[in-house]
Each structure stands twice: as structure tokens, then as C-alpha cells.
Amino acid sequence: MPGWAEAGVWGLVAGGALILGAGIAWLFRVPARLIATIMAFGAGVLISALSFELMDEAERTGGLAPTAAGFLAGAGAYVAANAWLARHGARHRKRSGDQQPGEGDVQGSGAAIAVGALLDGIPESVVLGLSLLHGGEIGIAVVAAVFISNVPEGLSSAAGMKRAGRSLSYVLGVWGGIAVASGVAAAAGYLTLRSVSPAVIAVITAVAAGAILAMVADTMIPEAFERAHVLTGLITTVGFLSAFAIDRLST
């Protein structure tokens, strides 16, 4: 299988976890505390992956200064885009409670939520394509981290969408579209970056890592802490350790 196709398949698989989480939330009434627990675990998994898989690889390949610059640039770009989307009704797109506005509350909020979901998922997908460029094999720890974190993202957000009165077609359309976009982004990342220098790949990897960390802090941890409270830190730590173990056992 060509490298770009393999990257696309893995991106689609990881994005498909969003549909899985959304389907569970639509079919079953999942307790808010359980959603928060899974969200905290997923946050820890992502933090571990970006620490040991992304930033470590970027720094060893491109050096500390370019990596730091890319990391801050990625976080800054995500925060700026997220702030703009928040003003258009997508601030609570990953919340499972009553925080999400309906279309009658904020005109255009449905589109903003969909764009916000795309914003959250693209950096993770690009990273999957980049991981194939590093050594010709997909980073199992990265795939596992994205998949594990996407399930609670889809679950929590879909629960909030349902409470806000969104239709099933809207929910499945959003997450199905994001899953497809994840596959396309992973394939595109592989195709467009396979001929660039390792230093450039290192910077782009750091940009993606910064965006992912900003996403975790802005959207995942608030939902987790609101419901899980004092256990959030412990659950996040377990998620971090789980991803770290996967990384070490797969090498």
C-alpha cells in the first residue's frame, strides 16, 4: 500500500473513533461523570503522546529553538482560531451538559461547532501522516493516543449536541465529515511533506503538538474537571502513564 494511502487509512481509523463516541452518546444516556472520567483519561493520553512522540522527535531532528518556536506558533494559532469560533457559538462544543447553544440561541452556532470540531481534529491527523515519514512505519502510540482521546471527544460533544436539540443527521454528519477529513489530512500531510527536509518536518510536528496541547487545555480538561473534580488529576495521570507504556512496549 502506498505511504499516502496508509496514512489516510490510519487517519480515517482514528477519526472513526469520533463516530463511535457520538453513536454511544446518541443511543445511550451516559452519566456525565463517566464522560468526564473518559475525557480526563483521553487528555492524559494526548499529553503523553505529544511529549514523548512529537516534541521529543521534533527536538532531536530540528533542534530546541525551531521546535520551541513551532510549538508556540501552533498553540497561538489554535487559541486565536478557537477564540474566534467561541464568539460564534462553539465555545462549549465538547461539553456534554446544557452549555452548547442551539441554532435558535446563536445563529450559525451549528456551523461554528462543525468548524471547531475540524479545528480540533486536523493537527492530530497531520501528525499521523508525519509519523510515517519519520521511519516508514506508523507510530502505534500516536494512533492509540488519537483514537483513545477521540472516543470521549465524540461522546461528550454529541451528548451536548443532543441536549441542544441537534438532529441525528447533524451529529453524524459532523463526525462523519471530520473522520473523512482526518483521513484526507493524514494523506495530505504525507504527500506534501515527504520531500521536505527533516528540520521542516520537525517544526511542523512541533506546531501540531502545540495546537494539540492548547486544544486539550481549552476544551477537554474543562469538561473533565467540571464533573470529575478532585479525581481529574489522577485520571489524567493514568491516561498519561497508559500512553507512555504503549510507547515503550511498541518500540
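Residues numbered from 1 in each chain as written. Predicted model: local features only at pLDDT ≥ 70, side-chain atom pairs only at ≥ 80, totals over all residues. Heavy atoms only, no water.

## Some points on the overall build of the protein chain
The condition is simple: For the purposes of this entry, the term helix denotes a DSSP run of H or I that reaches at least four residues, the term strand denotes a run of E that reaches at least two, and both are numbered from the N terminus. Partly exposed describes any residue whose relative accessible area lies between the buried limit of under 20% and the exposed limit of over 50%, with all areas from a 1.4 Å probe on protein chains only and scaled to the type maximum. For this analysis, residues touch if any pair of their heavy atoms sits within 4.5 Å. Per-residue and other accessible areas follow the Shrake-Rupley method at a 1.4 Å probe size, with only the shown protein chains counted as cover for residues.
Of the regular secondary structure elements, the protein chain holds eight helices and zero strands. Secondary structure of the protein chain in N-to-C order comes out as α-α-α-α-α-α-α-α. Taken over 251 residues, the protein chain has a buried fraction of 50%. Sequence separation of at least 24 residues holds for 84% of the intrachain contacts in the protein chain that already meet a minimum separation of 6. Of the roughly 10700 Å² of accessible surface on the protein chain, 69% is carried by carbon and sulfur atoms.

## Details of the UniProt feature "transmembrane region" (unreviewed entry) in the protein chain
Applied cut-off: UniProt positions are given in the numbering used here, feature names are shortened, and annotations may be inferred rather than shown by experiment.
UniProt tags residues 7–27, 34–52, 64–85, 170–193, 199–216 and 228–246 as "transmembrane region" (unreviewed entry). Split by type, residues 7–27 is 100% helix and 0% strand. Its first and last C-alpha atoms lie 31 Å apart. Across residues 34–52 one finds 100% helix and 0% strand; the C-alpha atoms that close the span lie 27 Å apart.

## What to know about helix α5 (residues 140–163)
Here is the rule we go by: To estimate the expected span of a helix, count its residues, drop one, and scale the result by 1.5 Å.
Given a rise of 1.5 Å per residue, 24 residues ought to cover 34 Å, and the 35 Å separating the end C-alpha atoms of α5 matches this to within 8%. Within α5, 19 of the 24 residues are buried, leaving the element largely enclosed by the surrounding structure. Positive backbone phi, at 90°, marks G165, one or two positions downstream of α5.

## So, the packing of aromatic side chains
Here is the rule: For Phe, Tyr and Trp, where Trp contributes only its six-membered ring, two rings pair if their centres lie within 6.5 Å, and the inter-plane angle classes them as stacked under 30 degrees, edge-to-face over 60, or tilted in between.
Scanning the model with the defined rule gives two aromatic pairs in all. Residues F52 and F240 carry aromatic rings whose centres are separated by 5.6 Å and whose planes lie at 65° to one another, so their mutual orientation is edge-to-face. Placement of the pair is F52 in helix α2 (residues 32–62) and F240 in helix α8 (residues 232–249), with a sequence separation of 188 residues. According to the relative accessible area criterion, F52 is partly exposed, its value standing at 29%.

## Considering the packing of helix α1 (residues 3–27) against helix α6 (residues 168–193)
Using the following cut-off: Every axis in this analysis is a line fitted to C-alpha atoms, fitted for helices over the stretch in contact. Angles between the N-to-C directions lie between 0 and 180 degrees. Any angle that falls under 35 degrees is termed roughly parallel, while one over 145 is termed roughly antiparallel, one within 65 to 115 roughly perpendicular, and all others oblique. Crossings are sorted by hand: turned counterclockwise from the far helix by less than a right angle, the near helix makes the crossing left-handed, and turned clockwise it makes it right-handed. Here the term charged refers only to Asp, Glu, Lys and Arg, the term nonpolar to Ala, Val, Leu, Ile, Met, Phe, Trp, Tyr, Cys and Pro, and the term polar to all other amino acids, Gly among them.
Packing of α1 against α6 brings their axes to within 7 Å, and their N-to-C directions diverge by 160°. One element, α1, and the other, α6, form an angle in the roughly antiparallel class. For the element pair α1 and α6, the recorded crossing hand is right-handed. Of the residues in the contact of α1 with α6, the class split is 17 nonpolar, eight polar and no charged.

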